[in-house]
Amino acid sequence: MNFVEARLAKLARNGDRNAFAELVELYKDKIFHLAYRMLNNKQEAEDAVQETFLRVYTNLHRYDENQKFSTWIFRIGTNLCIDKLRRRKNTYSLDAEMPDGEGNDYYTMLPSLEDTPEKQIIVSETQEQIRRAIDTLPEKYKSIVILRYLQDMSLQEISEVLDMPVTTIKTRVHRGREYLRKRLEQEEQDANTNPVPR
């Protein structure tokens, strides 16, 4: 339990604007990275950050001080992103950032031993493949896979953020991983059977 955050939340709830500003400062980057990884669009991620803090501010009276503040704010941010994904209905943005844009840390799960330009191209293509595969994950797996592998949360933390039993989280992590594996294998097969003419 982070007592500093609980104290700040209590002060903010009582109208202390400086305390709320400190909470924003503590979490704005974390929420942006979560939103960017889920939405894959800088503008939408920035909007999600603003909406998250607006909801936090208007619902501070509901915050339970016995709960970790980080769990509470991540739940709000994750649910907002899930709502945005549902509204999106598979319309993909052409101006979504590429791996070498600002969202480069999205791919921290990949080793970056980039010695040669050829290797850089291969790594970039692999990152792009993984990003595309994550984008195609069904909603119920996408947020869990992102929280687990890109936010590096434990199953227990994800369970608290999404308000689901750990057993459900474990199952969805496993199924999400299987989905990604099959998707990437299928892409590789497609690439081998339909080589791009040079």
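Above this text you will find the structure in question.
What this report covers is the structure whose coordinates are included nearby.

What counts and what doesn't
- Residues numbered from 1 in each chain as written.
- Predicted model: local features only at pLDDT ≥ 70, side-chain atom pairs only at ≥ 80, totals over all residues.
- Heavy atoms only, no water.
- Core = buried A, V, L, I, M, F, W, Y, C linked by side-chain atoms within 4.5 Å.
- Buried < 20%, exposed > 50% of the residue type's maximum accessible area, 1.4 Å probe, protein only.
- Helix = DSSP H or I, 4+ residues; strand = E, 2+ residues; numbered from the N terminus.
- Contact = heavy atoms within 4.5 Å.
- Axes fitted to C-alpha atoms, helices over the stretch in contact; angles between N-to-C directions.
- Parallel < 35°, antiparallel > 145°, perpendicular 65-115°, else oblique.
- Nonpolar A, V, L, I, M, F, W, Y, C, P; charged D, E, K, R; others polar.
- Phe/Tyr/Trp six-rings, centres within 6.5 Å; stacked < 30°, edge-to-face > 60°.
- Lys NZ or Arg CZ within 6 Å of the ring centre and 35° of its normal.
- Left-handed = near helix turned anticlockwise from the far one by under 90°.

1. Focus on the nonpolar core
The biggest cluster of nonpolar side chains holds 48 residues, and the ones touching the most others in it are V56, F69, I73 and F74. Elements with a minimum of two residues in this core: helix 1 (3-13), helix 2 (17-39), helix 3 (42-58), helix 4 (69-88), helix 5 (117-136), helix 6 (139-150), helix 7 (155-162) and helix 8 (166-193). Top contributing element to this core by residue count: helix 2, with eleven residues. Leaving out residues up to four positions away in the same chain, V56 has contacts with F20, F69, W72, I73 and I76.

2. Things to note about the packing of helix 7 against helix 8
It is the contact of helix 7 with helix 8, at a shortest axis distance of 9 Å, that shows an interaxial angle of 110°. Classified by the interaxial angle, the pair formed by helix 7 and helix 8 is roughly perpendicular. Contacts from L155, Q156, I158, S159 and L162 of helix 7 reach helix 8 at V166, I169, K170 and V173. Of the residues in the contact of helix 7 with helix 8, the class split is six nonpolar, two polar and one charged.

3. What to know about unusual backbone geometry
With glycine set apart, most residues show a phi of negative sign, and most peptide bonds adopt trans. The backbone of N40 shows a phi angle near 55°, a positive value even though the residue is not glycine. Position of N40 relative to the elements: it lies in the loop between helix 2 and helix 3. For D163, which is not glycine, the phi torsion reads 55° and is therefore positive. Residue D163 is classed as exposed on the basis of its relative accessible area, which comes to 63%.

4. Observations regarding the side chain of S159
When you line up the elements, S159 lands in helix 7. Note on S159: relative accessible area 9%, which makes it buried. What S159 contacts, discounting residues up to four positions off in sequence, is M164, P165, V166 and I169.

5. Digging into the packing of aromatic side chains
Applying the stated criterion to the full structure yields seven aromatic pairs. Measuring from centroid to centroid gives 5.7 Å for F69 and W72, while their planes differ by 55°, and the two rings are tilted. Of the two residues, F69 and W72 both sit in helix 4, three residues apart, roughly one turn of that helix. One aromatic cluster is present, formed by Y27, Y63, F69 and W72 through successive ring pairs. The aromatic ring of Y27 is capped on one face by K30, whose charged end is 5.0 Å from the ring centroid.

6. Notes on the packing of helix 2 against helix 3
For the pair helix 2 and helix 3, interaxial distance at closest approach is 8 Å and the crossing angle is 140°. In terms of axis orientation, helix 2 runs oblique to helix 3. Taken as a pair, helix 2 and helix 3 cross one another with a handedness that is right-handed. Every residue of helix 3 that contacts helix 2 at F20, L23, V24, Y27, K28, I31, F32, A35, Y36 and L39 is listed here: K42, E44, A45, E46, A48, V49, T52, F53, V56 and Y57. Classifying every residue of the contact of helix 2 with helix 3 by side-chain character gives 15 nonpolar, one polar and four charged.

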